[in-house]
Amino acid sequence: MSKVTVVGAGNVGATCANVIATREIADELVLLDIKEGVSEGKMLDIFQTATLMDFDTKLTGVTNDYAATANSDVVVVTSGMPRKPGMTREELIGVNAGIVASVVGNILKYSPKAIIVMISNPMDTMTYLALKKTGLPKNQLFGMGGALDSARFKCYLSKALNANSNEIEGMVIGGHGDTTMIPLYSKASYKGMPVTELLSKEEVEKVVADTMVGGATLTKLLGTSAWYAPGAAGAYVVESIIRDQKKVVPCCAYLEGEYGQQDICIGVPVVLGKNGVEKVLELNLNADEKALFEKSAEAVRKTNAILKEIKAL
Ligand SMILES: NC(=O)c1ccc[n+]([C@@H]2O[C@H](COP(=O)([O-])OP(=O)(O)OC[C@H]3O[C@@H](n4cnc5c(N)ncnc54)[C@H](O)[C@@H]3O)[C@@H](O)[C@H]2O)c1
Ligand SMILES: O=C(O)C[C@H](O)C(=O)O
């Protein structure tokens, strides 16, 4: 029997729960929020699609009742404020640091062995904060950003190539920020053909730029940040853990020397299985990509430093 909890029943949390339920990724699913009745209502609404969508995941919605989350195998943290148009993710640090710290403490009281997936923004820094606060081993807590950014990269590549996005390989590493993401176009391919041989330099540059501001573009269109792809990306990483699929997914993992970095959580390809982050894969980056990774890590470190200034760490 597998059990998953999603904390935060807002746009991303409820979408993630909906995908987990409809795809029957877990036997049991709990959704928790501090807003009275919201999780209960959303889970009842999802339950009422069971006969229409043909699934039988056991669903529970609770208001701040962590006892109901006990013995979860995986917990997804989506609680916190989303950005508004014109804001960066980093500006959310002050509000979200307190929320994330209290949520992970509560989760561990009832599910000390749960694999924790951080989604709240600024995600790289929230992952670092949660890891430092809890002292959990690095396999047990990581952040989701690269799965989403890579899905966006493949979406923009498919548009540029006029090709099926499922037949495109592509990965985004680095920080989950408008200026810190690194879409690895040199390694992206369509059916084994490098995209750099299929698109002009200008076309590739546009795909990269669009990917990096993928979240900001949607925030401008929607008035708040996106949820369908973020929620599905959350469910995707949960599935790899619950089903021990060993998928290679770029995730925000704690580095101890890999990619020349120490004491930082940042996006790199990892193997995701029942133990969470089971391995960090070291890609052979070219000189430009290495320089971009260093710059990205520097920016993430700058945001992490704010945690001390605001006394969150
Ligand atoms: N990492 C990513 O790829 C990614 C993608 C999308 C969104 N996000 C981030 O995810 C977060 C959620 O986004 P959203 O669009 O769902 O926002 P939202 O406002 O729709 O939902 C957030 C929910 O968190 C709840 N919440 C707040 N404090 C809580 C607490 N202490 N305990 C439990 N629940 C609490 C709120 O009541 C609300 O329902 C934001 O920080 C956003 O920036 C990250
Ligand atoms: O853009 C945001 O602020 C939310 C999220 O990080 C995203 O990329 O959709």
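It should be emphasised that the depicted structure is a prediction, and the values quoted were computed from it without experimental measurement. Position labels on residues start from 1 in each chain and follow its written sequence. Starting at A for chains and at 1 for ligands, labels are handed out in the order in which the entities are written. Selection of residues for local features in this predicted model requires a pLDDT of at least 70, selection of side-chain atom pairs for listing and counting requires 80 or more, and totals for whole chains, interfaces and linings are taken over all residues. To get the side-chain values, all heavy atoms of the structure are used, and hydrogens and water are removed first.

Caption draft 1: Here's a closer look at the site of ligand 2. Near is defined per residue: the residue qualifies when any heavy atom it owns lies within 4 Å of the molecule or strand. With respect to spatial proximity, the complete set of residues near ligand 2 consists of Arg83, Arg89, Asn121, Leu148, Arg152, His176, Gly215, Thr219 and Ser225. Pairing of N or O atoms within 3.5 Å defines a polar contact, subject to two protein rules: one partner must be a possible hydrogen donor and the other a possible acceptor, and residues neighboring in sequence count only if both atoms are side-chain atoms. Within the contact set of ligand 2, an oxygen atom lies 2.7 Å away from a side-chain nitrogen or oxygen of Arg89. His176 places a polar side-chain atom, nitrogen or oxygen, 2.6 Å from an oxygen atom of ligand 2. Cavity and pocket criteria rest on a 1 Å grid covering protein atoms alone: a 1.4 Å probe that fits but cannot get out defines a cavity, protein on both sides within 12 Å along at least 5 of 7 lines defines an open pocket, and an atom within 4 Å of a point defines a lining residue. Should more than half of a molecule's atoms lie within 2 Å of a pocket's or cavity's grid points, that molecule is taken to sit in it. With respect to the pocket detection grid, ligand 2 is positioned in the largest pocket.

Caption draft 2: A look at the UniProt feature "binding site: NAD(+)" (unreviewed entry) in the protein. In the numbering used here, UniProt assigns the feature "binding site: NAD(+)" (unreviewed entry) to Gly8, Ala9, Gly10, Asn11, Val12, Gly13, Asp33, Asn96, Ile119, Ser120 and Asn121. Residues from the named set that contribute to the lining of the largest pocket are Gly8, Ala9, Gly10, Asn11, Val12, Gly13, Asp33, Ile119, Ser120 and Asn121. Helix numbering and strand numbering both begin at the N terminus, where a helix is a DSSP run of H or I of at least 4 residues and a strand a DSSP run of E of at least 2. Tracing the sequence through the fold places Gly13 in helix α1 (residues 11-22). Each residue's exposure class comes from its accessible area (1.4 Å probe, protein chains only) as a fraction of the maximum for that residue type: buried when under 20%, exposed when over 50%, partly exposed otherwise. Relative accessible area serves as the criterion here: at 1%, Gly13 is assigned to the buried category. Contacts: residue pairs with any heavy atoms within 4.5 Å of one another. Setting aside anything within four residues of it in sequence, one finds Gly13 in contact with Val6, Gly8, Leu31 and Thr78. UniProt positions are given in the numbering used here, feature names are shortened, and annotations may be inferred rather than shown by experiment.

Caption draft 3: Layout of the pattern of salt bridges. One side-chain nitrogen of Lys or Arg within 4 Å of one carboxyl oxygen of Asp or Glu is enough to make a salt bridge. In the structure shown here, the tally under the stated rule is 13 salt bridges. Between Arg23 and Glu239 there is a salt bridge, and its shortest N-O distance comes to 3.8 Å. Of the two residues, Arg23 sits in the loop between α1 and β2 (28-33) while Glu239 sits in helix α9 (residues 228-242), which places them 216 residues apart along the sequence. By relative accessible area, Arg23 is classed as exposed at 52%. Residue class for Glu239 comes out buried when judged on its relative accessible area of 9%. Across the pair Lys132 and Asp263 runs a salt bridge, and its minimum N-O distance is 2.8 Å. Here Lys132 is found in helix α5 (residues 123-134), whereas its partner Asp263 is found in strand β13 (residues 262-273), with 131 residues between them in sequence. Judged by its relative accessible area of 38%, Lys132 falls in the partly exposed class. Put simply, Lys3, Glu28 and Lys58 are held in one network by salt bridges that share partners.

Caption draft 4: Fine view of the site of ligand 1. Around ligand 1, 26 residues are found, and the nearest of them are Asn11, Val12, Asp33, Met81 and Met144. One nitrogen or oxygen atom from the main chain of Met81 is found 2.7 Å from an oxygen atom belonging to ligand 1. Take Asn96: an N or O atom from its side chain is 3.3 Å from an oxygen atom of ligand 1. In isolation ligand 1 has 860 Å² of accessible area, and contact with the protein removes 90% of it. In this structure the site holding ligand 1 corresponds to the largest pocket. Residue assignment for the shell around ligand 1 shows that the elements contributing at least two residues are α1 and α4 (93-110). In short, Shrake-Rupley with a 1.4 Å probe defines the accessible areas, and a residue's cover is counted only from the protein chains shown.

Caption draft 5: Up close: the side chain of Asp149. With respect to the helices and strands, the residue Asp149 is situated in helix α6 (residues 146-161). In this tally, Lys and Arg are treated as positive and Asp and Glu as negative; His is ignored, and so are the chain termini. Buried within the structure, Asp149 lacks any salt-bridge partner; Arg152 is the closest side chain of opposite charge, at an N-O distance of 4.2 Å. Polar side-chain contacts of Asp149 include one of 2.8 Å to the side chain of His176. Every residue in contact with Asp149, bar those within four places of it in the chain, is listed here: Val172, His176, Met181 and Thr211.

Caption draft 6: Examining the packing of α6 against helix α7 (residues 201-212) more closely. Running from N to C, α6 and α7 point in directions that differ by 145°, and their axes come no closer than 9 Å. The handedness of the crossing between α6 and α7 is right-handed. The residues of α7 that touch α6, namely those facing Asp149, Arg152, Phe153, Tyr156, Leu157 and Ala160, are Val207, Asp210 and Thr211. When its residues are assigned to classes, the contact of α6 with α7 shows five nonpolar, one polar and three charged. The convention used is that axes are lines fitted to C-alpha atoms, helices contributing only their stretch in contact, and that angles between N-to-C directions extend from 0 to 180 degrees. Left-handed describes a crossing whose near helix is turned anticlockwise from the far helix through less than a right angle; right-handed describes the clockwise counterpart. Basically, the charged four are Asp, Glu, Lys and Arg, the nonpolar ten are Ala, Val, Leu, Ile, Met, Phe, Trp, Tyr, Cys and Pro, and anything else, Gly included, counts as polar.

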